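# Breakdown of the fold
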Amino acid sequence: MSTIINVVGNNGKGYEEIDLWTLKTLAGGPVIWPGKLNRTPKGWEMPTLAKPLKIGVPGRTTFEKFVKVEYKEKPNQNQYDGFCIQIFKKVLELLEYDLPYEFEAYNGSYTDLVYHVYNKSYDAVIGDVTILADRLQYADFTVPYAESGLAMIVPAKPEGSPLTFTKPFTWKMWVVTGALLMYTMIIVWFLERQSNPEFGGPWKNQISTALWFTFSSLFFAHREKVHNNLTRMVVAVWLFLVLILTSSYTASLSSMLTVQQLQPNVTDIEWLKMNNLKVGCDFDSFVKEYMENVLNFKPENIVNVSSEYDYPKEFKSNNISAAFLELPYEKVFLDKHCKEFTATIRTARFGGLGFAFQKGSPFARDFSEAILRLSEKGDLKSLQDTWLTPSHECSPNITSSNPGSLSLRSFEVLYLLSFGTSTICLLLSAIDHRRQHRVAYEGNVTSDDSLWKKAAKLVRYFYTKNRRSATSGTNETH
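What counts and how
Residues numbered from 1 in each chain as written. Predicted model: local features only at pLDDT ≥ 70, side-chain atom pairs only at ≥ 80, totals over all residues. Heavy atoms only, no water. Helix = DSSP H or I, 4+ residues; strand = E, 2+ residues; numbered from the N terminus. Buried < 20%, exposed > 50% of the residue type's maximum accessible area, 1.4 Å probe, protein only. Contact = heavy atoms within 4.5 Å. Areas by Shrake-Rupley, 256 points an atom, 1.4 Å probe, with all protein chains shown as cover. Phe/Tyr/Trp six-rings, centres within 6.5 Å; stacked < 30°, edge-to-face > 60°. Lys NZ or Arg CZ within 6 Å of the ring centre and 35° of its normal. Salt bridge = Lys/Arg side-chain N within 4 Å of Asp/Glu carboxyl O. Axes fitted to C-alpha atoms, helices over the stretch in contact; angles between N-to-C directions. Parallel < 35°, antiparallel > 145°, perpendicular 65-115°, else oblique. Left-handed = near helix turned anticlockwise from the far one by under 90°. Nonpolar A, V, L, I, M, F, W, Y, C, P; charged D, E, K, R; others polar. Core = buried A, V, L, I, M, F, W, Y, C linked by side-chain atoms within 4.5 Å.

### Side note on the overall build of the chain
The helix and strand inventory of the chain stands at 14 helices and 15 strands. Across the 478 residues that make up the chain, the buried fraction comes to 39%. Long-range pairs, those at least 24 residues apart, make up 71% of the contacts in the chain between residues at least 6 apart in sequence. If you sum the accessible surface of the chain, you get close to 27800 Å²; carbon and sulfur atoms cover 56% of it.

### A closer look at the packing of aromatic side chains
This model, assessed by the stated rule, comprises 30 aromatic pairs. Each ring, one from F88 and one from Y101, has its centre 4.9 Å from the other, and the planes form 85°; the classification is edge-to-face. In this pair, F88 sits in helix α1 (residues 83-94) while Y101 sits in strand β6 (residues 101-106), placing the two residues 13 residues apart along the sequence. By relative accessible area, F88 is classed as buried at 0%. Judged by relative accessible area, which is 31%, Y101 ranks as partly exposed. Lying over the aromatic face of F297, K273 brings its terminal NZ or CZ to 6.0 Å of the ring centre.

### Points about the pattern of salt bridges
With the rule as written, the count across this model stands at 13 salt bridges. Residues E70 and K72 are paired through a salt bridge, measuring 3.2 Å at the closest nitrogen-oxygen approach. Using a relative accessible area of 36% as the deciding quantity, one classes K72 as partly exposed. Measuring nitrogen to oxygen at the nearest pair gives 3.4 Å for the salt bridge that ties E308 to K336. With E308 in the loop between β12 (302-304) and α8 (310-316) and K336 in helix α9 (residues 327-337), this pair connects stretches of sequence that are 28 residues apart. For E308, a relative accessible area of 5% puts it in the buried group. A relative accessible area of 40% means that K336 is categorised as partly exposed. It is possible to trace a salt-bridge network through shared partners that takes in E147, K331 and R349.

### Comments concerning unusual backbone geometry
Even without being glycine, K120 reaches a positive phi, approximately 65°. Checked against the element boundaries, K120 lands in the loop between α2 (110-118) and β7 (124-130). Here N296, not a glycine, exhibits a phi torsion of approximately 65°, which is positive. On the secondary structure map, N296 appears in the loop between α7 (287-293) and β12.

### Some points on the packing of helix α3 (residues 171-192) against helix α4 (residues 203-216)
The relative placement of two packed helices comes down to the angle between their axes together with the axis-to-axis distance. Axis separation between α3 and α4 bottoms out at 9 Å; the angle between their running directions is 125°. Viewed along their axes, α3 and α4 adopt a mutual orientation that is oblique. Helix-helix and strand crossings are classified by hand; for α3 and α4 the assignment is right-handed. Contacts between α3 and α4 involve L181, M182, T184, M185, V188 and W189 from the first element and W203, Q206, I207, A210, L211, F213, T214 and F215 from the second. Residues that form the contact of α3 with α4 fall into these classes: 11 nonpolar, three polar and no charged.

### Observations concerning the nonpolar core
Counting 50 residues, the largest nonpolar core has F66, Y145, F355 and F367 as the members making the most contacts within it. The element best represented in this core is α1, accounting for seven residues. Residue contacts for F66: discarding those within four places in its chain leaves D81, G82, F83, C84, I85, D128, P328, Y329, V332, L353 and L388. If you look at the next biggest cluster of nonpolar residues, it comprises 20 residues, including L180, M185, L239 and L241.

Structure (C-alpha cells):
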C-alpha cells in the first residue's frame, strides 16, 4: 500500500494527498481534481457554476418551432424553447457529468453566429444551424439531428378531370364489364323470348326489352318478370356480380374524391428564371447565397421572407411565385398548409442540422454520442413528431396517397362465374328445345302412315305453326 499524490495541486506542502492505493482500488473517498472538481477532467476547461458554458442561440428564427425566445426585461430572464432546445435538454440527461450553461440570444445571420464560436464569444451554438463546409472551418459540429436539403414550395391546385367518374375501374375492366353485360342480355332474351310475352313481338321490341332489362339491373330497377327457371339462375348470378361491382365502384370513387390530389402550378426552376419571376427565402440563412451562386437567380428576384407566417401572404399577394426552404422547414410549413401548397423539387442535400462547439472541444463528441443514442431509442423521432409535424390532417400518407383503379384481376372469379352460368344455362335451354321439337315431330308422325302421308303431315304442321305466329304478330302490332 502506498500514497498517491496530486502533483498539480498545492496545499502548502507543494503537493496534495488524494488517497491510499491498494492493488485493486482506492482505500478512501473520491478523487479531488484540480479546481476542486469531483468529476474526471476532459482535458478542457470544464464549465462551472461560476463560469458556465456560454451558448449562443438564434434570437430571430423564421420557424419558431425550432427555437423560440421569449424576451423578458432582463436578458438572463429570457425563456428558450423549441425542438432544438428540447434536444439539447435530452442530451444533457444522457451526459455522465453536469454541464452548467447559460443561453444568450443572438440576432444576426447564422454564419455570423457560428463565427462567434470561432472568436470565442460563445462556447457553443444550440439551434437550427446547417452544417456546411465553410462553417466547419470555424467550429466543430455534432452529428446531425435532422436532415437538410433545399425544397421548392409552390401553390397547388386540386387535380381534376371530366372523366374522374371512370377512374375507379381500369379500361380493361370497363370493356369486360360491357361485354359481359351484352352477353347476359343475349342469354336473357334467348331464354325468355318463347315463354315470356314481355320479350315477344317484333325483333326491335325484343332486343330493346332485353337491353333495358339488363341495363336497369345495374341499378336494381328492372321491372320485367322472368318465367324461365334458367333465366332466374342467370339473373341471380348477374345481380350478385352487379352488387359487388357497384359497392366497389362507390367506395373507390368516394376515396378519390375525398382524398385531395394536388398538382403544383410551377414545376421547373428554369421556367422561373426564364420568366423573371420572384422567389422567396430567408436572408438570415445560407439559402440566399446558394440561390444566387448555384441556382443562378438574379439578386433582384429574390425576396426576403423573415417569418413562416409571411409565406402565405407573399404567395396570395403574388409577390413570389415560389419559395425555397430547407427540408426541416418544409415539413413544418406543409404540415400547416398541405391543402394550399406542395413541394416539387429537392435540389440539393447538405450536412444536416447540428450543434456547433469550439474547435477541439470534447463536448462535440459527447453530444454526438448522445444524439445517436436518442436516435437509436426513437426519442429523436418522437420529438420531431411532437414539435415539427403534430398535425395528422396533413400527414404524408394522406396528402400523397393516390387511390388506384380497380383491375380485372380483383373480380376475375366473379366474371368467370357469371359467364359460365350464362353459358351452361344457354346450353341446357338449347338441349331442352331440341328435345321438345323431337317429341312434337314423333307425336305427329306415326309408323303406320305412308311416306307421303308423313310428309304431308309435316308440311301441315309447319304451315299451321307459321300461320299462328303471323297472326299473333299482327294482333300485337294493332
